[in-house]
Amino acid sequence: MIMDIDNIKYAVIREASRRSLADFVRIFWRTLEPTADLKWGWYLDVLCHHLELVSKGEITKLVINVPPGSMKSLMVSVMWPSWEWAVVDPSLQIIGVAHNTQLSSRDSKKMRRLVESDLYRKCFPHVKLAKDQNSKLNFETTKFGQRWCVAYKNMTGARGDRVIIDDPLTVEDGMSKAAITEAARIFNETVPTRINGPKSAIIMIMQR
């Protein structure tokens, strides 16, 4: 009996990824960070658990406050949506939001690099990027899933199943009462209109 070792490896990875987001992150860490060691902590298990509850529809609004350098952006804006496309639904529509498009585009490019990596494509061949909607910042799957990046103050026209807001304020804005008031107004008035339906989720990432 001849066994294809590569196919067995990909099947094992698929099963581990279905089992947990944390396993997926550990497996695909080197794809995004080939020279950096992954230093796992208990808070990452907590974060993965809550994101899985979002994926199950048990949480629709989640605020994440952790210190800088805690892997929050890479986990929430890159790894988690890549995992959802792979094991939950490749038609999910994701909006990545930040106080400027430079920050949101950084994570969009990382996610694109991950889903187009050789390992990801071989493990999850059902996730394919559409050729006619595949730019560095905004791209779609052949199942009509989307990943867009927008600025927090310019969210009109964007709509998704996941609205991931990564720091709507700069450090300087955090010292401005007017900027905080405006950010709160956008969150209360604009953000709720940017989701596709009652099962969609809003995730806010901040360090302050």
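Summary of the structure given here. None of the values given here were measured: they were computed from a predicted structure.

Core analysis: the largest hydrophobic core is formed by 43 residues, its most contacted members being Met75, Val76, Trp85, Tyr120 and Ile203. Every element with two or more residues in this core is listed here: helix H1 (5–19), helix H2 (21–32), helix H3 (42–55), strand S1 (61–65), helix H4 (72–87), helix H5 (101–115), helix H6 (118–123) and strand S7 (201–206). If you tally residues by element for this core, the top one is H4, at 9 residues. Other than its neighbours up to four places away in sequence, Tyr120 contacts Phe24, Phe28, Ser82, Trp85, Ala86, Leu114, Val115 and Val127. Grouped together as the second largest cluster of nonpolar side chains are 16 residues, Val150, Ala158, Ile186 and Val191 included.

With respect to the element layout, Pro192 can be found in the loop between helix H7 (177–189) and S7. The spacing of Pro192 and Val163 is 29 residues in sequence and 9.4 Å in space, taken between C-alpha atoms. Setting aside its immediate chain neighbours within four residues, Pro192 contacts Phe187 and Ile202.

In contact at an axis separation of 10 Å, H2 and H5 are set at 105 degrees when each is read in the N-to-C sense. Between H2 and H5, the interaxial angle falls into the category roughly perpendicular. Where H2 approaches H5, its residues Phe24, Phe28, Thr31 and Leu32 are matched on the opposing element by Lys110, Arg113 and Leu114.

Another point: H2. A turn of α-helix holds 3.6 residues, and therefore any two residues three or four places apart point the same way. The end-to-end C-alpha distance of H2, which contains 12 residues, comes to 16 Å, matching closely the 16 Å that a straight helix rising 1.5 Å per residue would cover. Residues Leu21, Ala22, Asp23, Phe24, Val25, Phe28, Trp29 and Leu32 constitute the buried set of H2.

Turning next to the pattern of salt bridges. A complete count under the given rule lists 10 salt bridges for this structure. Across the pair Arg30 and Asp37 runs a salt bridge, and its minimum N-O distance is 3.0 Å. Residue classification places Arg30 among the partly exposed positions, given a relative accessible area of 43%. In this structure, the salt-bridge partner of Arg112 is Glu116, at a minimum N-O distance of 3.7 Å. Taking the relative accessible area as the measure of exposure, Glu116 reaches 33% and is therefore partly exposed. Sharing partners across several salt bridges, the network here consists of Arg19, Asp23, Arg26 and Asp45.

Under the defined criterion, the tally for this structure stands at 7 aromatic pairs. When the ring of Phe24 is compared with that of Phe124, the centres are 6.3 Å apart and the planes differ by 45 degrees; the resulting orientation is tilted. One end of the pair, Phe24, is in helix H2; the other, Phe124, is in the loop between H6 and strand S3 (129–134), with 100 residues separating them in the sequence. Exposure class is identical for Phe24 and Phe124. Each is buried. Counting every residue linked through ring pairs, the aromatic cluster contains Phe24, Phe28, Tyr120 and Phe124. Taking the ring centre of Trp40 as reference, the NZ or CZ of Arg26 above it sits at 4.1 Å.

Bringing the packing of H4 against H5 into the picture now. Interhelical geometry of H4 versus H5 gives an angle of 40 degrees and a closest axis separation of 9 Å. For the element pair H4 and H5, the recorded crossing hand is right-handed. For the pair H4 and H5, contact is made by Ser73, Leu74, Ser77, Val78, Met79, Pro81, Ser82 and Trp85 and by Arg106, Asp107, Lys110, Met111, Leu114 and Val115, respectively. Residue composition of the contact of H4 with H5, grouped by class: 8 nonpolar, 3 polar and 3 charged.

What counts and what doesn't
Residues numbered from 1 in each chain as written. Predicted model: local features only at pLDDT ≥ 70, side-chain atom pairs only at ≥ 80, totals over all residues. Heavy atoms only, no water. Core = buried A, V, L, I, M, F, W, Y, C linked by side-chain atoms within 4.5 Å. Buried < 20%, exposed > 50% of the residue type's maximum accessible area, 1.4 Å probe, protein only. Helix = DSSP H or I, 4+ residues; strand = E, 2+ residues; numbered from the N terminus. Contact = heavy atoms within 4.5 Å. Axes fitted to C-alpha atoms, helices over the stretch in contact; angles between N-to-C directions. Parallel < 35°, antiparallel > 145°, perpendicular 65-115°, else oblique. Expected span 1.5 Å × (residues − 1). Salt bridge = Lys/Arg side-chain N within 4 Å of Asp/Glu carboxyl O. Phe/Tyr/Trp six-rings, centres within 6.5 Å; stacked < 30°, edge-to-face > 60°. Lys NZ or Arg CZ within 6 Å of the ring centre and 35° of its normal. Left-handed = near helix turned anticlockwise from the far one by under 90°. Nonpolar A, V, L, I, M, F, W, Y, C, P; charged D, E, K, R; others polar.

The values are spatial; any link to function lies outside them.
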